[in-house]
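As a plain string of letters, each chain reads:
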Amino acid sequence: MVTGVGIDMIEVDRVASKIGKDMGFRELVFSPVEISYCEAMADKYQHYAARFAAKEAFFKALGTGWLKGTAFNEVEISNNADGKPELTLIGQTAELLKEQGPLKISVSITHLKTIASAIVIIEK
């Protein structure tokens with residue numbers, strides 16, 4: 001049963017500006033796996049922006065927004081062997097959200113030169 005749907009869209013330049021200007025922003029928002037992936041890409045800021053949008057969409061799908069005790073860098077977007085994006089909860093965020101029971105989380109991301117978007121569907 002679908003219990004939540006979230007969508008988000010963000011300008012790529014906005015994410016690029018934050019990463020370039022604020023020391024620590026990248027590490028605060030993105031996991032080491034995400035940073036490694038994005039830094040290896042030719043248009044890395046498009047990939048960072050898509051992952052940022054997915055994190056925002058996830059918290060919207062929860063229906064609670066960002067929860068105290070959760071961290072953006074513990075909502076990890078990676079790609080499986082086929083290239084399909086997957087959302088994985090890690091660390092304290094995973095522990096906190098275990099209380100909600102098992103969640104099936106589907107994510108889709110997209111990006112263009114100037115904009116990125118993501119949708120997340122949560123099922124129980």
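Just above sits the structure.
Attention here is on the structure that accompanies the text. Within every chain, residues take consecutive numbers counted from 1 along the sequence as written. A pLDDT threshold of at least 70 governs which residues receive local features in this predicted model, and a stricter bar of 80 or more applies before side-chain atom pairs are shown or counted, although totals over entire chains, interfaces and linings include all residues. Note that the side-chain values use all heavy atoms of the structure and ignore hydrogens as well as water.

1. Focus: the side chain of Thr93
Stated precisely, the cut-off is as follows: A run of H or I in DSSP counts as a helix once it spans at least four residues, and a run of E counts as a strand once it spans at least two, with each numbered from the N terminus. In the analysis that follows, any N or O atom pair within 3.5 Å is treated as a polar contact, provided that within protein one partner can donate a hydrogen and the other can accept it, and provided that, for residues neighboring in sequence, both atoms belong to side chains.
Note that Thr93 resides in helix α5 (residues 91-97). One polar contact links the side chain of Thr93 to the main-chain amide nitrogen of Ala71, over a distance of 2.9 Å.

2. Thoughts on the sheet that holds strand β4 (residues 104-111)
Selection criterion: Each pair of strands is called paired provided DSSP finds at least two bridges between the two strands. Here the axes come from fitting lines to C-alpha atoms, over the contacting stretch only for helices, and the angles between their N-to-C directions go from 0 to 180 degrees. Pairs of residues are marked as contacts when any of their non-hydrogen atoms sit within 4.5 Å.
Reading across the sheet, the three strands line up as β1-β5-β4 and stay open at both edges, with antiparallel pairing between neighbours. Where the open sheet ends on each side, the last strands, each with one partner, are β1 (2-11) and β4. Mean inter-strand twist for the sheet, computed between neighbouring axes without regard to direction, equals 10°. Here nine bridges tie β1 to strand β5 (residues 115-123), and the two strands are oriented antiparallel to one another. When the sheet's bridge partners are listed, Val2 is paired in β5 with Glu123. Against the sheet, helix α4 (residues 44-62) touches β1, β4 and β5, its axis set at about 35° to β5.

3. Overview of the side chain of Glu34
When you line up the elements, Glu34 lands in helix α3 (residues 32-39). At 2.8 Å, the side chain of Glu34 forms a polar contact with the backbone nitrogen of Ile77. Contacts of Glu34, omitting those with residues within four sequence positions, involve Val29, Arg51, Lys55, Val75, Glu76 and Ile77.

4. What about the pattern of salt bridges?
What counts here: A side-chain nitrogen of Lys or Arg and a carboxyl oxygen of Asp or Glu constitute a salt bridge if their distance falls within 4 Å. Note on classification: 1.4 Å probe, protein chains only; a residue is buried when its accessible area is under 20% of the maximum for its type, exposed when over 50%, partly exposed between these limits.
Counted according to the given criterion, the structure contains seven salt bridges. Here Glu39 and Lys44 are joined by a salt bridge, their closest N and O atoms 3.0 Å apart. Among the residues examined, Glu39 registers a relative accessible area of 32% and is labelled partly exposed. Take Lys44: its relative accessible area is 22%, and that puts it in the partly exposed class. When salt bridges that share partners are traced, they join Arg26, Glu27, Glu39 and Lys44 into one network.

5. Quick notes on the environment of Phe25
With respect to the element layout, Phe25 can be found in helix α2 (residues 25-29). As a C-alpha pair, Phe25 and Val15 span 10 residues in sequence and 9.7 Å in three-dimensional space. Residues within four places of Phe25 in sequence aside, it is in contact with Lys18, Ile19, Phe30 and Phe52.

6. Comments concerning the nonpolar core
Filter applied, for reference: By convention a nonpolar core is built from buried Ala, Val, Leu, Ile, Met, Phe, Trp, Tyr and Cys residues, the set being connected through side-chain atoms within 4.5 Å.
Residues Phe30, Phe52, Phe58, Leu87 and Val120 are the most contacted members of the largest nonpolar core, which totals 32 residues. Broken down by secondary-structure element, the contributors of at least two residues to this core are α1 (12-21), α2, α3, α4, β2 (75-79), β3 (85-89), α5 and β5. A per-element tally of this core places α4 first, with 11 residues. When residues no more than four places from it in sequence are discounted, the contact partners of Leu87 are Ala54, Phe58, Val75, Glu76, Ile77, Ile105, Val107 and Val120.

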